[in-house]
Amino acid sequence: MRIFVAGGTGVLGRPLVEALVDRGHEVTASTHRSENFSVLETLGARPALMDGLDEAAVRQAILEAEPKVIINQITALSAPSRDYAKWLELTNRLRSEGTKILMTAARDAGTRRVVAQSASFMTEPVGSGPTDESAPLYLDAPEPIRSHIQANITAEEQVLGTPGIEGVVLRYGFLYGEGTAIGPGGEWATGVKSGDVPIVGEGGGRYPFVHVRDAVSATVHAIDRGRPGIYNVVGDEPASQAEWLPYLAELLDAPPPRRVSVVEAEEQIGVQAVYYGTQLRAASNAKAKAELGLSLEYPSWREGFRELFG
């Protein structure tokens, strides 16, 4: 099958391209840096130079590739996240403006299905138990969380609402593994090692983690399985901040994480620290298992963390 991977050199893009090529697909993968061409060629893909916000470049790349399936993994999240709002600005544009450009090109190229990245950690911080794909989203969240959620919603609506295309949205959990922030040398791992990542309040926010390899596997399944719609791609075991931070610190031989109050976290880090640390709800993967055939190599984050750092 001819497949176009938009964002083929990112944390998910590289192993995804490799997995698709290994399965015999004809893969074209985009990058916005020509120096990454050799990386894609080594993986067995045809490289395409493309800025996700450049309408002409996106259209040319997709029309030339004539893909039956497009997988959109474009983000701008690889830089350090010291200023949360600024860190999200370009990704928000890629989700809203970029997805519109990509879906127009996909329709004109005769693409059958588009599989797109989204996030499972956008739900309202009310209620108990894991959320499913129908759970209300946090539309009245404080900024800059609200803008990011709205950009994701815009992208999801465009993917699901383009006539003639089967839209599949994968709401990934917090990615961990090689190359991620929660991986050897990653920003979160480094912060935990140095004692810079605190537990906020009681640390009751429940993180829906997913290993990169499981995210890639789910994405490969989604090219030809499952009805159009939204799927949470997360592990089986959510992790409260009060559980996973001390566990990771222990694996890294780091000091136990310090605790800060909600007020301190908001002042020193930002409102997102309060949401993730104290309000985040777990997410269910039942739909992805039932309809995409999701089978987890790492159902528990504990096992995955041990393999990475133990």
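Residues numbered from 1 in each chain as written. Predicted model: local features only at pLDDT ≥ 70, side-chain atom pairs only at ≥ 80, totals over all residues. Heavy atoms only, no water.

Asker: It is not clear to me how the packing of aromatic side chains should be interpreted in this structure. Could you clarify?
Answerer: Here a ring pair, both rings aromatic, is described through the centre-centre distance and the interplanar angle of the planes. Applying the stated criterion to the full structure yields 20 aromatic pairs. On the numbers, 4.1 Å between centres and 15 degrees between planes, the contact of phenylalanine 121 with phenylalanine 174 is stacked. Linking phenylalanine 121 in the loop between strand E5 (113-119) and helix H5 (145-161) with phenylalanine 174 in strand E7 (residues 174-176), this pair joins segments that are 53 residues apart in sequence. The burial state of phenylalanine 121 is the same as that of phenylalanine 174; both residues are buried. For the pair phenylalanine 174 and tyrosine 207, a centre-to-centre distance of 4.9 Å together with 40 degrees between the ring planes defines the contact as tilted. Here tyrosine 207 lies in strand E9 (residues 206-207) and phenylalanine 174 lies in strand E7, a separation of 33 residues in the sequence. (Phe/Tyr/Trp six-rings, centres within 6.5 Å; stacked < 30°, edge-to-face > 60°. Helix = DSSP H or I, 4+ residues; strand = E, 2+ residues; numbered from the N terminus. Buried < 20%, exposed > 50% of the residue type's maximum accessible area, 1.4 Å probe, protein only.)

Asker: Can you walk me through the layout of surface pockets in this structure?
Answerer: Over the atoms rolls a probe the size of a water molecule, and in doing so it shows where empty space is left. What the second largest pocket holds in volume is close to 160 Å³. In this structure, the second largest pocket is lined by Val11, Pro15, Gly177, Glu178, His211, Val212, Arg213, Tyr298, Glu307 and Leu308. Broken down by class, the residue content of the lining of the second largest pocket amounts to 5 nonpolar, 2 polar and 3 charged. (1 Å grid on protein atoms, 1.4 Å probe; cavity = no way out; pocket = protein on both sides within 12 Å on 5 of 7 lines; lining within 4 Å. Points joined across faces, edges and corners; volume = space filled by probe spheres on them. Nonpolar A, V, L, I, M, F, W, Y, C, P; charged D, E, K, R; others polar.)

Asker: Sorry, what's going on with the sheet that holds strand E2 (residues 26-31) here?
Answerer: Adjacent strands of a sheet pair through backbone hydrogen bonds, lying either parallel or antiparallel. The strand order E3-E2-E1-E4-E5-E6-E11 describes an open sheet built from 7 strands, whose pairing is parallel. Strands at the two margins of the open sheet, each flanked by one partner only, are strand E3 (46-49) and strand E11 (229-233). Taking each pair of neighbouring strands and ignoring which way they run, the sheet shows an average axis angle of 20 degrees. Where strand E1 (residues 2-6) meets strand E4 (residues 69-72), 4 bridges bridge the pair, whose relative direction is parallel. Looking at the pairing, alanine 6 lines up with asparagine 72 of E4. Along the sheet face, helix H3 (residues 55-65) touches E1, E2, E3 and E4 and points at about 160 degrees away from the line of E1. Here helix H7 (residues 212-222) sits on the sheet and contacts E4, E5, strand E6 (166-172) and E11; the angle it forms with E6, its principal contact strand, is near 170 degrees. (Pairing = 2+ DSSP bridges. Axes fitted to C-alpha atoms, helices over the stretch in contact; angles between N-to-C directions. Contact = heavy atoms within 4.5 Å.)

Asker: Would you mind showing me how to read the pattern of salt bridges here?
Answerer: Between side chains of opposite charge, a pair can form when the charged atoms approach closely. Scanning all chains against the criterion turns up 14 salt bridges. For glutamate 64, the salt bridge is made with arginine 46, and the minimal N-O distance between the two is 3.4 Å. Of this pair, glutamate 64 sits in helix H3 while arginine 46 sits in strand E3; the two residues are 18 residues apart in sequence, bridging distant segments of the chain. Via salt bridges that share partners, Arg59, Arg107 and Asp108 belong to a single interconnected network. (Salt bridge = Lys/Arg side-chain N within 4 Å of Asp/Glu carboxyl O.)

Treat this as a map of the structure, not an account of what it does.
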